[in-house]
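Structural characterization, general
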There are 2 protein chains.
Amino acid sequence: MENFTYHTPTKYVFGRGAEEKAGEEALAAGMTDVLLCYGGGSAIRSGVLGRVAHALDSAGVNYVEFGGIQPNPTDDKVYEGIEICRRERLTALIAVGGGSVIDTAKAIAAGVPYEGDFWDFFTGRKVEKALPVGVVLTIPAAGSEGSGNAVITKLDGLHKISIRTDYALRPKFALMNPELTFTLPPYQTASGIADMMAHIMERYFSPSEGVEITDRVAEGVLKAIIEEAPKVMARPDDYDARANIMWSGTLAHNGICGTGRKEDWTSHAMEHEISAVYGVTHGAGLAVVFPAWMTYMADRQPAKIAQFARRVFGVENHDDRSAAMEGIMMLRAFYGSIGLPVTFAELGVASPDIDLLVKKLHENKGERIGGYRTLTAEDTAEIYRLML
Amino acid sequence: MENFTYHTPTKYVFGRGAEEKAGEEALAAGMTDVLLCYGGGSAIRSGVLGRVAHALDSAGVNYVEFGGIQPNPTDDKVYEGIEICRRERLTALIAVGGGSVIDTAKAIAAGVPYEGDFWDFFTGRKVEKALPVGVVLTIPAAGSEGSGNAVITKLDGLHKISIRTDYALRPKFALMNPELTFTLPPYQTASGIADMMAHIMERYFSPSEGVEITDRVAEGVLKAIIEEAPKVMARPDDYDARANIMWSGTLAHNGICGTGRKEDWTSHAMEHEISAVYGVTHGAGLAVVFPAWMTYMADRQPAKIAQFARRVFGVENHDDRSAAMEGIMMLRAFYGSIGLPVTFAELGVASPDIDLLVKKLHENKGERIGGYRTLTAEDTAEIYRLML
């Protein structure tokens, strides 16, 4: 087991009506002047934005609305938000939405107190100081409500890059009402499920040994997701199933599945290039990337893939490579069963430009990437080809 | 799933040499004048107290040593500590030890800023304000390093009572070096293992439905403990095994195994009476109580006991009661295999005064206790008899 620091001070308020506590939680976190961030019209139509605004009004919290944040969020909205915060002297942010809205809020939070270009944080500069961020979660997927990370795409060159902080960008609070997820379209629900599973697997496929406790927790969260996913697909208003999926999405990415080990994150990096170039849904892209990455590994370093197959999917095969391949088949079948693509073609990318993807991947991430096993451009090209 | 709030701001610094960070973590937590709490001579002999003191010295943190805290800690030490803090104007505490030292530090932390008798907090008063507490953990068992709880025995009448807070008494930081646990005596190691398993099971045996994610996490932690326990018993200096057990002890009790459901805590309450009257080791007492409680439940409400048997111990029996009984047998065998008692006699209590235990239990906890199933004095007497 590797040495680690685990520090997750986010206060999760989970359950029916959670969003109505936005006012009191904002005050408890010392938020008085807030940029209220959201995405498209669904936050308005569903009424959640109104309820949050009402809660802030009742608590006497001043706020400025900032909508129109798109999926795969881009740097232009971050610059715009920083500008508004400075102009209106806003000192906190509340994000109402999913990962795109939260990540934009985090990037703004880091950018406001920084004199330089916020993009510096996405190219290596450490975030020392940031405005406090609160979250009202409406899409369980990215896990950004409990993480210190954010992913933003630079429009100029379509560089989709993430920042990771231990602490500075963790939300102060996350209000999580599973009822808000009842109306998510099936494809978005399923993509969110693939995203949270990937967050666990990026941590699970680790070169570190002797981390049984973290393996077991990770396997437990994966099993819960796999058991609950068919229920939310079949009955979108199944409260308990939605609640299980929502909380799983947080545990998948708040670090509890990664304590004491090196992580991988190759599949995310590979998917980010696909999203940036072809605009696909991140989670759906991951459903295509992950089985391909695992297939590549099954031939070279199958032990952990086999453990995954046996413990998560109950595969009984004693040969590591065969068990791994069987587990990958079951994972692909699972993705298929909830309506997700598992090939480029199913993802709607008929003729992917693999050379471009590989080029951009290694431009952004360096010549060699990966934790479970180090990969060069030749290796990642082969993995992209396994998605055809 | 029930609504819940989950807020665990403790910063865990885990790994070799963690205790050497006491100075910098104290400063980061704003601690300048510290009551440095510890138990017997082992903290001195092992050198850990010296290393912590050196780290505090190097960081310029002022401290007063406060030793002699006993297992099953009592109120007299709390009064003494409160007195010293007030006299010496100490505004923070660092506990070097296990649950007894940490719980005493927490009770002092609550008592110092309170004008009345600190015991009020153990009889219902809410802790609103407390001095900050830091921890250097040397015994993985009680989970107090990550919890908001404390258990203290009142010498007058031997009332062993716990306080539970959501937040106020959670340690600011916990420094966790598995190497510090290499020298624990086998019986203490094993008792700690039973204690942490009990913390999970008190949460697992819940009347709440639809909490698959929390069940799966709890089962995962239990499985990790059961797998790693024989390794630490066989080779006390197996770093990875000790690390797995140590981190499991934190996850067992920091709330992650309890999100979204009502909890039980009958077995702890029943054991606290045994400890208070007969002075036995808490964890060893739990190894006696829990299988008896489960046996009582197997006849009346077996479903969750059967799920435990199947998922944690791999029992394949399809009948709930039979599966439950098989699981209980395997749990008792596991406890026996690591040298723990499973009856009163093995615990060293040849002729327990069950009437007294039942009387004190319900005096302290009320006429009806329990979450998984409500129990009267008649029921708890039967459970105590199942330990004979």
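Residues numbered from 1 in each chain as written. Chains lettered and ligands numbered in written order. Predicted model: local features only at pLDDT ≥ 70, side-chain atom pairs only at ≥ 80, totals over all residues. Heavy atoms only, no water.

This next bit is on the overall build of chain A. A count of helices and strands for chain A gives 15 helices and eight strands. Taking the principal axes of the C-alpha coordinates as reference, chain A spans close to 65 × 45 × 45 Å. Evaluated residue by residue, chain A yields a buried proportion of 62% over its 388 residues. Long-range contacts, defined as pairs at least 24 residues apart, comprise 77% of the intrachain contacts of chain A with a sequence gap of at least 6. Here chain A displays about 13700 Å² of accessible surface, and carbon together with sulfur accounts for 49% of that area. Charge-centre separation for chain A: the mean point of 38 positive side chains lies 2 Å from the mean point of 50 negative side chains. (Helix = DSSP H or I, 4+ residues; strand = E, 2+ residues; numbered from the N terminus. Buried < 20%, exposed > 50% of the residue type's maximum accessible area, 1.4 Å probe, protein only. Contact = heavy atoms within 4.5 Å. Areas by Shrake-Rupley, 256 points an atom, 1.4 Å probe, with all protein chains shown as cover. Lys, Arg positive; Asp, Glu negative; His and termini not counted. Charge placed at Lys NZ, Arg CZ, Asp CG, Glu CD.)

Time to look at the side chain of Glu202 of chain A. All names here are of chain A. With respect to the helices and strands, Glu202 occurs in helix α6 (residues 186–204). The side chain of Glu202 sits in the buried core without any salt bridge; Arg203 is the nearest counter-charge, 8.6 Å away. At 2.7 Å, the side chain of Glu202 forms a polar contact with the backbone nitrogen of Trp265. Once residues within four sequence positions are removed from consideration, Glu202 is found in contact with Glu263, Asp264, Trp265, Thr266, Ser267, His268 and Phe290. (Salt bridge = Lys/Arg side-chain N within 4 Å of Asp/Glu carboxyl O. Polar contact = N/O pair within 3.5 Å; in protein donor to acceptor, adjacent residues only side chain to side chain.)

Let us look at the side chain of Ser206 of chain B. Residue and element names in this part refer to chain B. Among the secondary structure elements, Ser206 is positioned in the loop between α6 (186–204) and α7 (212–234). Only 2.9 Å separates the side chain of Ser206 from the backbone nitrogen of Ser208, close enough to count as a polar contact. Within the structure, the side chain of Ser206 is placed 2.8 Å from the backbone oxygen of Lys262, a separation counted as a polar contact. Ignoring sequence-local partners within four residues, the contact set of Ser206 consists of Arg261, Lys262 and Tyr372.

Residues and elements named next belong to chain A. The N-to-C vectors of helix α7 (residues 212–234) and helix α11 (residues 303–313) enclose an angle of 50°; their axes lie 10 Å apart at closest approach. By the angle between their axes, α7 is oblique relative to α11. Relative to α11, α7 is oriented so that their crossing is right-handed. Residues Glu212, Asp215, Arg216, Glu219, Leu222, Lys223 and Ile226 of α7 pack against Lys304, Gln307, Phe308, Arg311, Val312 and Phe313 of α11. For the contact of α7 with α11, the per-class residue count stands at five nonpolar, one polar and seven charged. (Axes fitted to C-alpha atoms, helices over the stretch in contact; angles between N-to-C directions. Parallel < 35°, antiparallel > 145°, perpendicular 65-115°, else oblique. Left-handed = near helix turned anticlockwise from the far one by under 90°. Nonpolar A, V, L, I, M, F, W, Y, C, P; charged D, E, K, R; others polar.)

A few words now on the relation of the copies chain A and chain B. Take chain A, turn it by 180°, move it 0.0 Å along the axis, and it overlays chain B with an RMSD of 0.0 Å. Taken together, the rotation and translation describe the operation of a two-fold axis. For chain A, the minimum C-alpha distance to the rotation axis belongs to Pro9 of chain A and amounts to 1.9 Å. Both copies present the same face, since 100% of the interface residues in chain A are matched by interface residues at the equivalent positions in chain B. (Least-squares fit on C-alpha atoms with pLDDT ≥ 70 in both.)

Interpretation of this model should avoid reading the predicted coordinates in detail wherever pLDDT is low. Per-residue confidence for chain A gives a mean pLDDT of 96; residues scoring 70 or more make up 100%. Model confidence for the complex: the whole-complex pTM is 0.96, and ipTM, which rates the interface, is 0.95. (pLDDT = per-residue confidence, 0-100.)

Inspection of the entire model under this criterion finds 43 salt bridges over all chains. In this structure, Lys304 of chain B engages Asp215 of chain B in a salt bridge whose closest nitrogen and oxygen atoms are separated by 3.0 Å. Here Lys304 of chain B is found in helix α11 (residues 303–313), whereas its partner Asp215 of chain B is found in helix α7, with 89 residues between them in sequence. The class of Lys304 of chain B is buried, set by a relative accessible area of 10%. The structure contains a network of salt bridges with shared partners spanning Glu212, Arg216, Glu219 and Arg311 of chain A together with Glu227 of chain B.

This paragraph deals with the environment of Val211 of chain B. Along the chain, the position of Val211 of chain B falls in the loop between α6 and α7. Relative accessible area serves as the criterion here: at 4%, Val211 of chain B is assigned to the buried category. Residues Val211 of chain B and Ala350 of chain B lie 139 residues apart in sequence; the distance between their C-alpha atoms is 41 Å. When neighbours within four sequence positions are excluded, Val211 of chain B is seen to be in contact with Asn244 of chain A together with Met1, Thr259, Gly260 and Arg261 of chain B.

Even without glycine at this site, Arg89 of chain A takes up a positive phi of about 55°. Phi at Asn72 of chain B takes a positive value of approximately 50°, unusual for a residue other than glycine. Here Asn72 of chain B lies in the loop between β3 (62–66) and α4 (75–88).

Right, let's get into the interface of chain A and chain B. Taken together, the contacts link 38 residues of chain A with 38 residues of chain B. When chain A packs against chain B, the two sides together hide about 3300 Å² of surface, and 58% of this comes from carbon and sulfur. For the chain A face of the interface with chain B, the top three residues by lost area are Met1, Ile213 and Arg216 of chain A, together amounting to 19%. Counting across the chain A and chain B interface gives two salt bridges. In this structure, the salt-bridge partner of Arg216 of chain A is Glu227 of chain B, at a minimum N-O distance of 2.3 Å. Where chain A touches chain B, the interface holds 20 residue pairs in polar contact (both at pLDDT 80 or more). Sorting the residues of the side of chain A that touches chain B by element identifies β1 (4–14), α7 and α8 (239–251) of chain A as the ones contributing at least two each. The biggest single contributor to the side of chain A that touches chain B is β1 of chain A, with 11 residues. Split into classes, the residues belonging to the side of chain A that touches chain B amount to 17 nonpolar, 11 polar and 10 charged. Pairing geometry for β1 of chain A and strand β1 (residues 4–14) of chain B, over seven bridges, is antiparallel. When the bridges of β1 of chain B are listed, Thr8 of chain A appears paired with Thr8 of chain B. (Buried area = accessible area lost by both parts, 1.4 Å probe. Pairing = 2+ DSSP bridges.)

On to the sheet that holds β1 of chain A. Read across the sheet, 12 strands follow the order β3(A)-β2(A)-β4(A)-β5(A)-β8(A)-β1(A)-β1(B)-β8(B)-β5(B)-β4(B)-β2(B)-β3(B) without closing on themselves; strand pairing throughout is mixed. The outermost strands of the open sheet, each flanked by one partner alone, are β3 (62–66) of chain A together with β3 of chain B. Looking at each pair of strands side by side, their axes are set apart by 20° on average, direction ignored. Pairing of β1 of chain B with strand β8 (residues 173–176) of chain B, which is carried by four bridges, proceeds in the parallel orientation. Among the inter-strand pairings, Val13 of chain B is bridged to a residue of β8 of chain B, identified as Leu175 of chain B. Running over the sheet, helix α4 (residues 75–88) of chain A touches β2 (33–38) and β3 of chain A and is turned about 155° from β3 of chain A.

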